[in-house]
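So you can see what is in the structure, the chains are spelled out below.
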Amino acid sequence: MNKSAGITLAQKAFLEQETVRRRKVKILRVMFLVLLLALWELSARMGWINDFIFSSPARVVSCFWEMAGDGSIFVHTGITVLETLASFGLVVVIGLIFALILWASKSVSEVLEPYLVMLNSLPKSALAPILIVWLGNNVKTIVVAAVSVAVFGCIMTLHNGFAQTDPDKIRLIYSLGGQKKDVLRKVLLPGTVPLLISNMKVNVGLCLVGVIIGEFLAANQGLGYLIIYGSQVFKMDLVVMSIVILCVVSAVLYQGITFLEKRIQKI
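Residues numbered from 1 in each chain as written. Predicted model: local features only at pLDDT ≥ 70, side-chain atom pairs only at ≥ 80, totals over all residues. Heavy atoms only, no water.

Caption draft 1: Structural detail: the environment of L206. Mapped onto the fold, L206 is located in helix α10 (residues 193-218). Accessibility expressed as a relative area gives 31% for L206, which makes it partly exposed. Placed 136 residues apart in sequence, L206 and D70 show a C-alpha to C-alpha distance of 30 Å. For L206, the contacting residues outside a window of four places in its chain are V149 and A150. (Helix = DSSP H or I, 4+ residues; strand = E, 2+ residues; numbered from the N terminus. Buried < 20%, exposed > 50% of the residue type's maximum accessible area, 1.4 Å probe, protein only. Contact = heavy atoms within 4.5 Å.)

Caption draft 2: Representation of the layout of surface pockets within the structure. When its volume is computed, the largest pocket comes out at roughly 310 Å³. Taken together, 14 residues line the largest pocket, and the ones lying closest to its centre are V60, V61, F64, V244 and I245. Ranked by the residues each element gives to the lining of the largest pocket, the list is headed by helix α3 (residues 57-70), at five residues. Considered class by class, the residues forming the lining of the largest pocket number 13 nonpolar, one polar and no charged. (1 Å grid on protein atoms, 1.4 Å probe; cavity = no way out; pocket = protein on both sides within 12 Å on 5 of 7 lines; lining within 4 Å. Points joined across faces, edges and corners; volume = space filled by probe spheres on them. Nonpolar A, V, L, I, M, F, W, Y, C, P; charged D, E, K, R; others polar.)

Caption draft 3: Layout of the packing of helix α4 (residues 72-104) against helix α7 (residues 139-163). The interhelical angle for the contact between α4 and α7, taken along N-to-C directions, is 35°, at an axis separation of 7 Å. Here α4 runs over α7; the crossing is right-handed. Judged by residue contacts, E83, S87, L90, V91, I94, G95, L96, F98, A99, L100, L102 and W103 of α4 engage V139, I142, V143, A146, V147, A150, V151, C154, I155, L158, H159 and F162 from α7. Class assignment of the residues belonging to the contact of α4 with α7 gives a composition of 20 nonpolar, three polar and one charged. (Axes fitted to C-alpha atoms, helices over the stretch in contact; angles between N-to-C directions. Left-handed = near helix turned anticlockwise from the far one by under 90°.)

Caption draft 4: Fine view of helix α11 (residues 223-232). When α11 is considered as a whole, its buried residues turn out to be L223, G224, L226, I227 and G230. Looking straight down α11, one finds its buried side chains confined to an arc of 160°; they lie on one side. Buried residues along α11 sit in contact with α3, α4, α10 and α12 (236-266). Immediately beyond the C-terminal end of α11, within one or two residues, lies F234, with a positive phi of roughly 60°. (Arc of directions from axis to C-beta.)

Caption draft 5: Examining the packing of aromatic side chains more closely. Scanning all chains against the criterion turns up three aromatic pairs. Taking 6.2 Å as the distance between ring centres and 85° as the angle between the ring planes, the aromatic pair formed by F64 and F74 counts as edge-to-face. Remark: F74 occurs in helix α4 and F64 occurs in helix α3; sequence separation between them is 10 residues. Residue F64 is classed as partly exposed on the basis of its relative accessible area, which comes to 25%. Ring plane angle 20° and centroid distance 6.0 Å describe the contact between Y225 and Y229, whose orientation is recorded as stacked. In this pair, Y225 and Y229 both sit in helix α11, four residues apart, roughly one turn of the helix. (Phe/Tyr/Trp six-rings, centres within 6.5 Å; stacked < 30°, edge-to-face > 60°.)

Caption draft 6: Representation of a positive patch on the surface. Taken together, the side chains of R23, K26, R29, K262, R263 and K266 make up a positively charged region of the molecular surface. Every element with two or more residues in the positive patch is listed here: α1 (2-46) and α12. Within the secondary structure layout, K262 lies in helix α12. (Patch = residues over 30% accessible without salt bridge, like charges linked within 9 Å, V, L, I, M, F, W, Y side chains within 5 Å. Areas by Shrake-Rupley, 256 points an atom, 1.4 Å probe, with all protein chains shown as cover. Salt bridge = Lys/Arg side-chain N within 4 Å of Asp/Glu carboxyl O. Lys, Arg positive; Asp, Glu negative; His and termini not counted. Charge placed at Lys NZ, Arg CZ, Asp CG, Glu CD.)

Caption draft 7: Highlighting a nonpolar patch on the surface. Among the surface-exposed residues, V111, L112, Y115, M118, L119 and L122 lie close enough to one another that they form a single nonpolar patch of about 530 Å² accessible area. Turning to its location among the elements, L122 is positioned in the loop between α5 (106-121) and α6 (128-135). For L122, a relative accessible area of 33% gives the class partly exposed.

Here it is as structure tokens:
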């Protein structure tokens, strides 16, 4: 009884220490951000850096409120987010389907593997001009460019995860009279959910990168367009503001996948 109580007290003390540690980490994160912003603003005001080139937090906020007044910044941000979510959904679906095809047929996997490696290594920005010629200067080009950035790596990662599935479990399914579809339904997909979620965390960022690359070349709206336009007319406040919003968007998307992961773990 005393031992049980001792363990309970020890666990309680550990949880309290862990809670305090996490709180300290959050506070330090906020303090670090505030310090960076304060140094940036101070450097601009004191003339240590050229605020025309490097902007400043105050100028970025002013630019944001100016564009928020007419709602244009929300339109540009919404377009980028929608394009990212569309490309992300396509990457997940296409990656999962092709990974399953490669898993189902070893011959197909051996034939296509070197091409997947080559396409995954290819700088996707090189494809953007070709996509504009093929598809035109529109949203379709941006989404396809974003998909091309992430889909090949997604296929390879998922296929490698499928290939590492516990062979004993697969043999057990077959020994009980099961077929390949039973292996897929009972072993493969349930066992690779953590890998799929982890892959989604990477892909959502890659899709955002791909969307920005596409908007650099084939858009008249979106955060990527604002960055290019701002750099061309030397509106660095606009450029920095767009980059800050991109950081916030990427963090929110990542946290969204993390939330989904926690919900799945509770099931």
